[in-house]
Number of protein chains: 2
Amino acid sequence: AEAIVRTLADCGVSACFANPGTSEMHLVAALDGEPRIRSVLCLFEGGATGAADGFARVTGRPAMTLLHLGPGYLNGGANLHNAKKAYAPSVNIVGDHALYHRQFDTPLSSDIHGLVAPMAVWVGEPTGPADAGVQAARAYAASFGPPGGPAFLIAPADTAWSEGGVVAAPIAPRRPEPASRAAIEQAARAIGAANKPALLLGADALSKTGLEHAARLGAAGVKVMMETFPANQYRGAGIFAPARLGYFAEMALAELEGVDVLVLAGAKAPISFFAYPGKPSVLTPEGCMTILLGAQESDATATLMALADAMGAPLDPPIAPPSAAPIMPGPLNTFAIGACLAKHMPAGAIVSDDGVTSGLAIYAATMGAAPHSWLFGTGGAIGGGTPVAVGAAVAAPEAKIICIAGDGAAMYTNQALWTMAREKLDVLTIICANRSYRILNIEFERTGAGAPGPIAQQMLSLENPVIDWVKLAEAQGVPAARAMTAEEFEAQLIHYLSLSGPKLIEAVI
Amino acid sequence: AEAIVRTLADCGVSACFANPGTSEMHLVAALDGEPRIRSVLCLFEGGATGAADGFARVTGRPAMTLLHLGPGYLNGGANLHNAKKAYAPSVNIVGDHALYHRQFDTPLSSDIHGLVAPMAVWVGEPTGPADAGVQAARAYAASFGPPGGPAFLIAPADTAWSEGGVVAAPIAPRRPEPASRAAIEQAARAIGAANKPALLLGADALSKTGLEHAARLGAAGVKVMMETFPANQYRGAGIFAPARLGYFAEMALAELEGVDVLVLAGAKAPISFFAYPGKPSVLTPEGCMTILLGAQESDATATLMALADAMGAPLDPPIAPPSAAPIMPGPLNTFAIGACLAKHMPAGAIVSDDGVTSGLAIYAATMGAAPHSWLFGTGGAIGGGTPVAVGAAVAAPEAKIICIAGDGAAMYTNQALWTMAREKLDVLTIICANRSYRILNIEFERTGAGAPGPIAQQMLSLENPVIDWVKLAEAQGVPAARAMTAEEFEAQLIHYLSLSGPKLIEAVI
């Protein structure tokens, strides 16, 4: 256990999000002796894996998690799925039974290698204490990919408790590479010959530097777009804003209409989120040439710079300021939430968006806010928002973290509120309380299931009873208030943003 | 979708625990048109799978669940693990992308077959609407095993939304069989020749009839024991009580000391829950002959009857009444909780035990209560208690359901409180609030990790901040009270047991 923990600290791991059990007790003891790693208790493993995701999206480095055998992994699974789709590195230590104990069918026995495989970019298990350190170093390096994702180190209890561990030297991760010079020149020529060339961005193409070069390509006549749910976008006043591809297939199809050359940088070819009867899965127009300059495994920033240079695109093109939406007084809605955030959110804020339908509107309304980072729900698994906010807050203690969560989404991982209180994290959680799985009320009709009958309506509703988010937050040590109007919301927002530490607003919309 | 739902209703499915998403909308629409199935919304899939587990343990029949692609399965995974270890049948419908959409890497894409395999007793997927009904009938039958467990029917969205479904006729499940006559006679002879014969019971051996025959064997000189965490034990005043094998290996070893013939009925050979340095995994004494008359796949009740008959064991032996523990006034502890329950719990109650350390003490103290059923945490995954209580309440609407949950365990699935309120379930949840993962404070030392240092202590503690369970329950529509003393607890228990509908007591111990 000590060899694993010290090796990871030597590699640069500085945070551990954990819900340990009996098989992880020696790892907990080892963390107790490792001051370079901040140990954070999560009251449900989805909180731990989501926090590691948020940490990685902000720092580019993996945190570690401690997961307790198969059930611990499964509880963390949905947010591992999100993290995998965010290409976010993490080192997940899954404690397992002692090697000699594995042959027996005990309550906690499961096929742990089989379980983790679908979510893993790497799985390893030391043969004993002697190679535990080197396997930890490999897990760390492997988590970077590229593309990055969850690495799993299975740690049998007897390997963790036995003497003979050896701290291993860090292994340098492989780094992403830009597209080749030849590929970039071909792409530049194709763009030059196109009627309506477009660029689709994801991953690090949406970083500060990536967007500077994307802006140059925009100024050179390329329509610049971005994936709907990337891991982390830098945005706000003065920052180039690509057009975000619509979530609904028909919106995305309209946005891509007429495009005859589509260049992908840090992104894959656009596909509908879900399939719908009679609608296409592939969103690229027929006859459009798709040029892959590298998906999420690539150095998209360097690719964009080279492409802009190859096209002779202007340096530092002017960025049109977005029009600021006014805050309309009266009953609260998502546009007012967005307008208030656009006005008051401080520079350097980090937004964790698990807002589903509300998130789409608030995103659109905050385009002109002070420069900030926006972390999206990447894998479609709701319940990522509050844990990602925990991880972002541990990663960037000086930043204001704002979590935008649907009420349905936040219920999945409401235990993250307790961790915010325990760790005194500077997170303001905004619950968009429409008291419904609103997206499903839309999707029900869109999938052709007709109009929901009375039982179906109940299956999509969060009323009866209404959840009291103020009490739910206070129960876990997080001060909270409820806003029914735009005026109330703005006043609460100003007040809470002026304070440090966790807070929650139940925004009734 | 209609063929699946109607076939399952024809098979006898009467409850669906669900958290649906876009890919399950047609299934929700089909449930809307099927009055024989009660649809119950859970705000997290662990609530749905745990409820199906509880439903099956009470009725012996599967409920269905709706899970949304890989993340929905993963969120439900830990309680599927518990259900598998309880040998509890369930039919889990996992919605997936349309078949033609699967080739693409979308946010919600995952290896769904790979993910579910480790938890499944059966996995099937229709090739299209024409065989959706028959696959549903197969899933239903397969969930019974024997032994029973989670069956998974993967339902691609286009299969669910296309015309051409055919409702299939129910398929008779395979039924468990008792041990052969020859095996029973051999076992009877071995018991007759033994110095200290013992019987280890699990599964249906702990049913009312199973225990009647076990009592006969006890009267014939056999030491009768039971597994530590079986699915469902019938117990209370006037009911034969086997000795429950201790959770800690050293306790179990002491209880089995000197046993030279161990007969297994509905149980596997006893193995330590965890491995510990220097302690054995196998708990059977060296030289003991172990006779397997059938594990959880068998008809242990019929086996016990045949064995008792073969041994000429007396019919209807007297059952010694357990001594009732007095309720000691003063600060509340688990013994007082148990003594109060023993005094006031009504006949026919069903207890869902997710109490970990507290559960061990309360179990011991309730031996003399009015006859009731006790559902244990079978798979070591905490967070099963409140969902199992939901399922038990749907299965037995006339029964009083009592959920005993550790505070650490109940936090995992606190969303189940909302479902209790929505469905007006007659569940009294007792939170044993020791504000700690108490078991880990014990296990830390037992695994040889030494004394926990300050960081380790924080990783095992639920203080800082203390969780306010009264607010957490009220936030979700469940009335609640806090008890600090035995007197307060007894008064609240009497009051809440006199009312119907969900209630919660935060028992501060």
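Notes on the structure follow.

The rules behind these values
- Throughout, residues of each chain are indexed from 1 in the direction in which the sequence is written.
- Chains and ligands are labelled by the order in which they are written, letters from A for the one and numbers from 1 for the other.
- Per-residue local features are limited, in this predicted model, to residues with pLDDT of at least 70; the limit for side-chain atom pairs, both in listing and counting, is 80 or more; totals at the level of whole chains, interfaces and linings are taken over all residues.
- Only hydrogens and water are set aside; all other atoms, that is, all heavy atoms of the structure, feed into the side-chain values.
- Superposing the copies works by least squares over the C-alpha atoms of residues that have pLDDT at least 70 in both of them.
- It only takes one pair of heavy atoms within 4.5 Å for two residues to be counted as in contact.
- Runs of E in the DSSP output that reach at least two residues are strands. Runs of H or I that reach at least four are helices, and both are numbered from the N terminus.
- Burial classes follow relative accessibility: with a 1.4 Å probe on protein chains only, a residue under 20% of its type's maximum area counts as buried, one over 50% as exposed, and anything between as partly exposed.
- Here the rule is simple: two strands pair whenever DSSP picks up at least two bridges between them.
- Looking down the strands as they point away from the viewer, one classifies a crossover as right-handed if the path from the first strand across the helix to the second runs clockwise.
- Note on definitions: buried area is the accessible-area loss of two parts on being combined, 1.4 Å probe, summed for both.
- Criterion for a salt bridge: a side-chain nitrogen of Lys or Arg within 4 Å of a carboxyl oxygen of Asp or Glu.
- N or O atoms closer than or at 3.5 Å make up a polar contact, with two conditions inside protein: a donor-capable atom paired with an acceptor-capable one, and, for residues adjacent in sequence, both atoms drawn from side chains.
- For this classification, the nonpolar set comprises Ala, Val, Leu, Ile, Met, Phe, Trp, Tyr, Cys and Pro, the charged set comprises Asp, Glu, Lys and Arg, and every other residue, Gly included, is treated as polar.

Turning chain A through 180 degrees and shifting it by 0.0 Å along the axis lays it on chain B, with an RMSD of 0.0 Å. Read as a symmetry element, the transformation amounts to a two-fold axis. A symmetric contact is evident, with 100% of the interface residues of chain A recurring at the interface of chain B.

Of the consecutive residues Gly145 of chain B and Pro146 of chain B, the connecting peptide bond is found in the cis state with omega at 0 degrees. Turning to its location among the elements, Pro146 of chain B is positioned in the loop between α6 (132-142) and β6 (150-156). Following Pro146 of chain B, the chain continues into Pro147 of chain B via a peptide bond in cis, with omega recorded as 0 degrees. Here Pro147 of chain B lies in the loop between α6 and β6. Its identity as a non-glycine residue notwithstanding, Asn464 of chain A has a phi of 60 degrees, on the positive side. You will see that Tyr87 of chain B, though not glycine, has its phi angle at about 55 degrees, which is positive.

What follows covers the pairing of strand β14 (residues 372-375) of chain B. Residue and element names in this part refer to chain B. Going residue by residue along β14, you find His372 and Trp374 tucked away on one face and Ser373 and Leu375 tucked away on the opposite face as well. Of the strand pairs in this sheet, strand β9 (residues 233-235) and β14 are connected by three bridges, and their pairing is antiparallel. The residue of β14 that forms the bridge with Arg235 is His372. Strand direction decides the pairing type here: strand β13 (residues 350-354) and β14, joined by three bridges, are parallel. Bridged to Ile350 within β14 is Ser373. The parallel pair β13 and β14 is bridged by helix α13 (residues 356-365), and the resulting crossover is right-handed.

Attention shifts here to the interface of chain A and chain B. Across the contact, 100 residues belong to chain A and 100 residues belong to chain B. Interface area, chain A with chain B, both sides summed: about 8,100 Å², of which 66% is carbon and sulfur. Taken together, chain A and chain B are joined by six salt bridges. Notably, a salt bridge pairs Lys268 of chain A with Asp105 of chain B, separated by 2.7 Å at the nearest N-O pair. Connecting chain A to chain B are 48 residue pairs in polar contact (both at pLDDT 80 or more). Tallying contributions element by element places helix α4 (residues 69-85) of chain A first for the side of chain A that touches chain B, with nine residues. Residues that form the side of chain A that touches chain B fall into these classes: 54 nonpolar, 32 polar and 14 charged.

Any functional reading would require information that these geometric values do not contain.
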